[in-house]
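Architecture at a glance
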Amino acid sequence: MKNTKVIISKDGVSDYSGDLLICLTTINKDDKLSGADFIQPEIDSFQKKEEFSGKKGEGVVLYPPFNTNGTRIMGKRVLLLGTGKIDDIDSTNELRELFRSSGGIIADFCRKTSAENPCIVLHKSGDIKLQLAAEYLTEGVLLGDYSFKKYKINDDDKKQYPGIKKLLITAPGQISALKKNCRRAVNSAFSTVTARDMANEPGNGWTPDHFARHAEIIAKNHKLKCRIIEKSEMITLGMGGILAVNQGSVEPPKLVILEYRPKKKSDTILMIGKGLTFDSGGVSLKPAAGMMDMKYDMCGGAAVISAMETIAREKPDVGVVAMIPSTDNMSGADALKPGDIITHYGGITSEIENTDAEGRLILADAMAYGIEQYKPTCVIDLATLTGAVIIALGHHRTGILGTNDYLVKSLTRAGSICGEPLWRLPLGEEYSKQIDSEVADIKNTGGKPGGTITAAAYLQKFAGDVPWAHLDIAGTAWDFTKKTYIPKGPSGTGVRTLIELVRRWKNGQIKK
Ligand code: BES
Ligand code: MN
Ligand code: ZN
């Protein structure tokens with residue numbers, strides 16, 4: 001993975017001789033274009049001209065060298081990038097998204113012009129909050145600059161443009177505060193692109209063992225506790241769900257656990273991510289068209305393990321335990337069959353109606369075990385669990401279901417801050433009835449109606465009375481709504497929502 005350097009400075013722009021200087025241009029209250037003082041004469045030359053109106057996302061390129069307001073501008077290009085009327089925006093989340101998406105536009109422009117050392121100039125304008133601008137521009141640039149070219153050995157682009165090496169941000173003041181904000185952005189972007197990297201790996205490039213090895217590296221680097229539950233121990237413990245899904249596979253399953261504990265006594269958040277490294281459907285085989293996308297069925301696990309790295313770096317005052325149950329879902333000779341009955345960790349039995357409803361089977365064991373072992377304050381799981389959530393919400397929102405309003409609201413709020421919108425779906429007795437079985441305690445499908453809800457109803461049985469929320473990211477983990485800072489392919493959704501939730505966590509608030 002590329003490690004872009006981000007540097008905040010108060011230096012004047014006359015020292016800058018890099019490849020791209022970006023000057024944000026806002027439209028102020030009396031419809032005038034405004035930017036940093038030194039470039040204002042140039043901006044003024046565009047007032048009321050058609051080629052640049054300063055609207056959000058609109059840009060114009062100037063070519064140095066030139067003198068403006070007594071400053072000598074060097075470097076290769078200057079991009080005046082419009083943000084529209086910032087002073088009219090009173091929603092902080094809308095501002096965050098404006099800067100994030102502007103960051104994405106900047107990254108794209110860098111790619112097109114092969115700029116490796118861009119410099120963004122921030123200026124004071126009305127109420128514009130420099131800290132917000134610095135944090136979310138940085139996040140947007142780093143998220144937008146992402147590409148996955150590992151397997152493109154002879155790719156010309158790869159040789160030509162390595163991406164952004166150094167991002168410079170200059171601002172008129174508050175440097176130490178800005179540095180702190182940019183550090184947060186660097187962390188959350190780093191975790192997000194790490195999750196994208198894992199997801200981009202094909203089924204033969206990212207196996208359960210890769211999750212385990214990666215967790216061990218994080219644990220070593222950040223002094224976390226790491227535990228890998230191997231197949232033999234799963235057998236001893238009676239984890240019938242994950243073992244059942246793994247039956248048709250030659251890759252051994254892993255249950256990966258990472259533990260972060262703060263110094264003081266605190267709440268414990270248990271985060272569980274579905275780490276299904278390839279979902280063929282098993283004996284209930286999926287159709288060939290689109291099956292390839294099922295290499296992304298580990299995006300929940302990738303989100304959880306990647307978020308954990310930022311958590312380990314930032315050391316919040318809440319404990320976090322991450323669990324990733326991981327296997328692929330194949331149809332080998334020993335594979336699970338429709339009609340089979342399995343016993344989950346803790347004893348609940350389940351009739352398998354469809355081997356393609358496997359996510360809930362591996363998550364159920366992890367939830368039951370995690371709750372017993374770590375006695376968490378709450379449980380959050382992330383999973384590419386149902387195609388039905390795409391029918392319900394499209395690719396624009398993650399579905400959230402849960403038993404605790406405070407937890408669901410906190411997650412929804414965190415999601416809106418990050419530009420990862422969540423939408424709540426209901427739970428209830430009527431839905432739970434759909435997974436009643438004639439022969440076992442429950443069955444693993446509830447029919448077509450309310451498919452996302454009946455999948456959650458399955459998990460609900462394993463949450464017991466522990467406050468729990470479930471994020472169905474099947475619609476948003478890839479093919480997410482087009483955004484400038486989310487390239488085609490896996491989005492890394494959920495990573496930043498989890499990080500934001502943890503950053504804002506207040507111990508003792510959640511009630512059963
Ligand atoms: N991993 C899939 C869900 C999925 C489907 C994610 C499409 C992203 C895009 C999951 O394991 C699955 O196969 N679910 C089944 C459940 C059904 C058999 C009850 C589904 O949604 O069809
Ligand atoms: Mn499946
Ligand atoms: Zn699946």
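Rules of the game
Residues numbered from 1 in each chain as written. Chains lettered and ligands numbered in written order. Predicted model: local features only at pLDDT ≥ 70, side-chain atom pairs only at ≥ 80, totals over all residues. Heavy atoms only, no water. Near = heavy atom within 4 Å. Polar contact = N/O pair within 3.5 Å; in protein donor to acceptor, adjacent residues only side chain to side chain. Areas by Shrake-Rupley, 256 points an atom, 1.4 Å probe, with all protein chains shown as cover. Domains from an automatic or database assignment. Contact = heavy atoms within 4.5 Å. Buried area = accessible area lost by both parts, 1.4 Å probe. Donors = N, O, S within 2.8 Å, 3.2 Å for Na, K, Ca; no water. Tetrahedral: all angles 85-135°; square planar, octahedral: opposite > 155°, others 65-115°. Helix = DSSP H or I, 4+ residues; strand = E, 2+ residues; numbered from the N terminus. Buried < 20%, exposed > 50% of the residue type's maximum accessible area, 1.4 Å probe, protein only. Core = buried A, V, L, I, M, F, W, Y, C linked by side-chain atoms within 4.5 Å.

1. Comments concerning the site of ligand 1
Close to ligand 1 lie 17 residues, the nearest being Asp279, Lys286, Asp356, Glu358 and Gly387. At a separation of 2.9 Å, a nitrogen atom of ligand 1 approaches a polar side-chain atom of Asp297. In the environment of ligand 1, an oxygen atom lies 2.8 Å from a nitrogen or oxygen atom belonging to the side chain of Glu358. Alone, ligand 1 offers 510 Å² of accessible surface; in the complex the protein occludes 79% of this.

2. Regarding the domain arrangement of the protein
On domain assignment, one finds that the protein holds domain 1 (5-171) and domain 2 (192-503). Of note, the centres of domain 1 and domain 2, computed from C-alpha atoms alone, are 38 Å apart. Each side of the interface is counted separately: domain 1 has 18 residues, and domain 2 has 18 residues. Among the residues of domain 1 in contact with domain 2, Leu143, Tyr146 and Phe148 are the three that bury the most area, contributing 43% of the side total.

3. Re the coordination of the manganese ion (ligand 2)
Within the first shell, the manganese ion (ligand 2) binds the protein through Asp279 (OD), Asp356 (O), Asp356 (OD) and Glu358 (OE), at distances of 2.1 to 2.2 Å. Classification of the site at the manganese ion (ligand 2) as irregular follows from its 6 donor atoms and the range of 70 to 166 degrees in their angles at the metal. Coordination of the manganese ion (ligand 2) draws on donor residues from a single chain, spaced D-x76-D-x1-E in sequence. Separating the manganese ion (ligand 2) from the zinc ion (ligand 3) is a gap of 3.2 Å, bridged by Asp279, which donates to each. One end of the pair, Asp279, is in strand E13 (residues 275-279); the other, Asp356, is in the loop between strand E16 (349-351) and helix H10 (359-374), and 77 residues separate them in sequence. The exposure class of Asp279 is buried, given its relative accessible area of 3%.

4. Concerning the nonpolar core
Among the nonpolar cores identified, the biggest contains 55 residues, and Leu258, Ile269, Met271, Met308, Ile380 and Leu411 are the most heavily contacted of them. Sorting elements by how many residues they give to this core places helix H9 (residues 299-314) first, with 9 residues. With residues up to four places along the chain from it excluded, the contact list for Leu258 reads Ala215, Ile218, Ala219, Leu224, Lys225, Cys226, Ile305, Met308, Val320, Val321 and Ala322. Core analysis: the next-biggest nonpolar cluster, separate from the first, contains 45 residues, Val245, Leu361, Ile435 and Ala457 among them.

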